[in-house]
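Each chain, written out:
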Amino acid sequence: METIILSHPHDFKKEQLPPCVLALGYFDGIHIGHQKVITTAKQTADELGVMSAVMSFHPHPSVVLGKNNVHWTYLTPLEEKKKVLKQLGIDRFYLVTFDHAFASLPPQDFLDQYVKELHAVHVVTGFDFTYGKLGAGNTDTLQFSSDSCFGLTVIGKVERDGIKVSSTLIRRTLQEGSVAKLKEYFGRLYTVEGRVIPGDQRGRTIGFPTANLDTGSYTLPGVGVYAVLAEYEGKKYSAMANIGFKPTFQKTAEKPNLEVHLFDFSKSIYGETLKIHWIQRIRSEVKFASVQELVRQLEEDKERASAIINQLQ
Ligand SMILES: Cc1cc2nc3c(=O)[nH]c(=O)nc-3n(C[C@H](O)[C@H](O)[C@H](O)COP(=O)(O)O)c2cc1C
Ligand SMILES: Nc1ncnc2c1ncn2[C@@H]1O[C@H](COP(=O)(O)OP(=O)(O)O)[C@@H](O)[C@H]1O
């Protein structure tokens, strides 16, 4: 998959670009609703014998437009989004830098400059997609403008338990720690990637070394203890993770820390990458009266996490 970064105003001309079927959307998470849009674009492209493309934006519009609810973190940070789009068989990724100039484009100008000029012969999008200044363009205006210029497929609402699957629903579910529920929304386990960084070097002294992870701009589940799979060099290890403040030891920390204890593993992996696949929440984080009590609890957590993971396999 080729990624083409566009900044407003771009100077691509339709004649220079191959015709494509274009999936339009922000697509944070690439959940099952997004997947339906993207795979429909791919199928339509195959039927028409043209290239399949996705257009998305970065950073999240809320960051630039200063909405109340700014998304500094992502379900699929850019590199992860590219990987998933590639797996879905998309040929080309048009990535538009989302800035004030782009955000203030009237809807018709967005269509003229970013859909028609990029040689889209067919557009696929979700029923609630909006575009152009103040999000004034929607699927009705898209339908009206498409008539003569490009075909259009609008994908209807994808629901689970009568609720629309959305990035907002997923963020809320993550915050609640209900990671087991996420498989229904993603069609895969929710996964984050991070680099192993030094911690307080205490884990090894209590028999539970923990890899502390810097996960960059990934959105993490809420504070708590979880059964997870930790993937290192392509191999998945049963493991347990804590997202929290280690209240037994420290008084103040600005933000929760993610640390993972891998079962049947004893390598030093500082500076290396781990992928964490979230399986199930086990319990809340607790302030223990002694290290012995913490260790007793960790032994219990290990049994519980092992049982949960064994049940999966
Ligand atoms: C599965 C798991 C559960 C944990 N639960 C708690 C907890 O409930 N309370 C707490 O204070 N610390 C908890 N911890 C954090 C430990 O205190 C921490 O791993 C230990 O202090 C080592 O820290 P270090 O990696 O910075 O050396 C947990 C860690 C793991 C891996
Ligand atoms: N089973 C294991 N799970 C996690 N990390 C392990 C394990 N065995 C060895 N390690 C290594 O030990 C480090 C964790 O030891 P710990 O004493 O908790 O130090 P730190 O506080 O720096 O994380 C990890 O970063 C990793 O390099």
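Counting from 1, residues in each chain are numbered in the order their sequence is written. Starting at A for chains and at 1 for ligands, labels are handed out in the order in which the entities are written. Local features in this predicted model are restricted to residues of pLDDT 70 or higher, and side-chain atom pairs are both shown and tallied only at a pLDDT of 80 or more, whereas totals for entire chains, interfaces and linings draw on every residue. Side-chain numbers here rest on the full set of heavy atoms in the structure, without hydrogens or water.

**Description of the sheet that holds strand β9 (residues 191-197)**
Here's step 1: Two strands pair if DSSP finds at least two bridges between them. Runs of H or I in DSSP of at least four residues are treated as helices and runs of E of at least two as strands, each being numbered from the N terminus. If you walk around this closed barrel you meet the six strands as β9-β10-β13-β12-β11-β14, and the pairing is antiparallel. Each strand of the sheet is rotated relative to its neighbour by a mean of 45°, with strand direction disregarded.
Here's step 2: Pairing analysis gives nine bridges linking strand β11 (residues 224-232) to strand β12 (residues 235-244), with the strands arranged antiparallel. Opposite G224, over in β12, you have I243 as the bridge partner.
Here's step 3: Those strands touched by helix α9 (residues 291-312) are β11, β12 and β14 (273-283), and its axis lies near 100° from that of β14. Every angle, taken between N-to-C directions, lies between 0 and 180 degrees, and every axis is a line fitted to C-alpha atoms, over only the stretch in contact when it is a helix. The criterion used for residue contact is that any of the two residues' heavy atoms lie within 4.5 Å.

**Things to note about the sheet that holds strand β6 (residues 151-155)**
Here's step 1: Pairing is parallel in the open sheet, where six strands are placed in the order β1-β4-β3-β2-β5-β6. Bordering the open sheet on either side are β1 (2-6) and β6, each of which pairs with just one other strand. Taken over all neighbouring pairs, the strand axes of this sheet differ in orientation by 20° on average, direction set aside.
Here's step 2: When strand β2 (residues 20-24) meets strand β3 (residues 51-58), the two strands line up parallel, connected through five bridges. In the strand pairing of β3, C20 is matched with M51.
Here's step 3: Each of β2, β3, β5 (120-126) and β6 touches helix α1 (residues 32-48); the most contacted strand, β5, lies at about 160° to it.
Here's step 4: Docked against the sheet, helix α5 (residues 107-116) engages β1, β2, β3, β4 (92-97) and β5, running at close to 130° with respect to β2.

**Considering the domain arrangement of the protein**
Here's step 1: We note that the domain assignment places domain 1 (2-164) and domain 2 (187-312) within the protein.
Here's step 2: Where each domain starts and ends follows an automatic or database-derived domain assignment. Distance between the C-alpha centres of domain 1 and domain 2: 36 Å.
Here's step 3: Each partner contributes to the interface: domain 1 provides twelve residues, whereas domain 2 provides seven residues.
Here's step 4: Defined here as a combined quantity, buried area equals the accessible surface (1.4 Å probe) lost by two parts on assembly, summed across both. Summed over both partners, the interface of domain 1 with domain 2 comes to about 800 Å²; 41% of that surface belongs to carbon and sulfur atoms.
Here's step 5: Salt bridges are defined as contacts in which a side-chain nitrogen from Lys or Arg sits within 4 Å of a carboxyl oxygen from Asp or Glu. Taken together, the connections running from domain 1 to domain 2 amount to one salt bridge.
Here's step 6: The partner of E193 in a salt bridge is K83, with the nearest N and O atoms 3.3 Å apart.
Here's step 7: Under this definition, polar contacts are N or O atom pairs within 3.5 Å; protein pairs additionally need one hydrogen-donor-capable and one acceptor-capable atom, and for neighbouring residues in sequence, both atoms have to be side-chain atoms. For the pair domain 1 and domain 2, the interface holds seven residue pairs in polar contact (both at pLDDT 80 or more).
Here's step 8: At the level of secondary structure, the elements contributing two or more residues to the side of domain 1 that touches domain 2 comprise α1 and α3 (78-87).
Here's step 9: Per-class residue counts for the side of domain 1 that touches domain 2 are six nonpolar, four polar and two charged. Gly is placed with the polar residues, together with every amino acid not listed as nonpolar (Ala, Val, Leu, Ile, Met, Phe, Trp, Tyr, Cys and Pro) or charged (Asp, Glu, Lys and Arg).

**A word on the site of ligand 2**
Here's step 1: Near ligand 2, the surroundings consist of 21 residues, among which Q201, R204, T210, N212 and Y270 are the closest.
Here's step 2: With respect to ligand 2, the side chain of N212 contributes an N or O atom lying 2.7 Å from an oxygen atom.
Here's step 3: Y270 is positioned with one of its side-chain polar atoms (N or O) 2.7 Å from an oxygen atom of ligand 2.
Here's step 4: Of all the secondary structure elements, the ones that give two or more residues to the shell around ligand 2 are β10 (211-214) and β13 (257-262).
Here's step 5: The element contributing the most residues to the shell around ligand 2 is β13, with three residues.
Here's step 6: Considered class by class, the residues forming the shell around ligand 2 number nine nonpolar, eight polar and four charged. For each residue, the test is whether any non-hydrogen atom lies within 4 Å of the molecule or strand; if one does, the residue is near.

**Some points on the pattern of salt bridges**
Here's step 1: Scanning all chains against the criterion turns up 13 salt bridges.
Here's step 2: D28 serves as the salt-bridge partner of R171, at 2.9 Å between the closest nitrogen and oxygen. Of this pair, R171 sits in helix α7 (residues 167-176) while D28 sits in the loop between β2 and α1; the two residues are 143 residues apart in sequence, bridging distant segments of the chain. Grouping residues by exposure puts R171 and D28 together as buried.
Here's step 3: Linked by salt bridges that have partners in common, D161, K181 and E184 make up one network. To sort residues, take the accessible area from a 1.4 Å probe on protein chains only and compare it with the maximum for the residue type: under 20% means buried, over 50% means exposed, and anything in between is partly exposed.

**Describing the site of ligand 1**
Here's step 1: Near ligand 1 there are 21 residues, and of these R202, T210, K246, T248 and V286 occur at the shortest range.
Here's step 2: A distance of 3.2 Å separates an oxygen atom of ligand 1 from a polar side-chain atom of N212.
Here's step 3: A distance of 3.2 Å is found between an oxygen atom of ligand 1 and a backbone nitrogen or oxygen belonging to P247.
Here's step 4: Coverage of ligand 1 by the protein amounts to 99% of the 620 Å² it exposes when considered alone.
Here's step 5: Breaking the shell around ligand 1 down by element, the ones donating at least two residues are β12 and α9.
Here's step 6: In the shell around ligand 1, the residues fall into eight nonpolar, seven polar and six charged. Note on areas: Shrake-Rupley with a 1.4 Å probe; residue coverage comes only from the protein chains shown.

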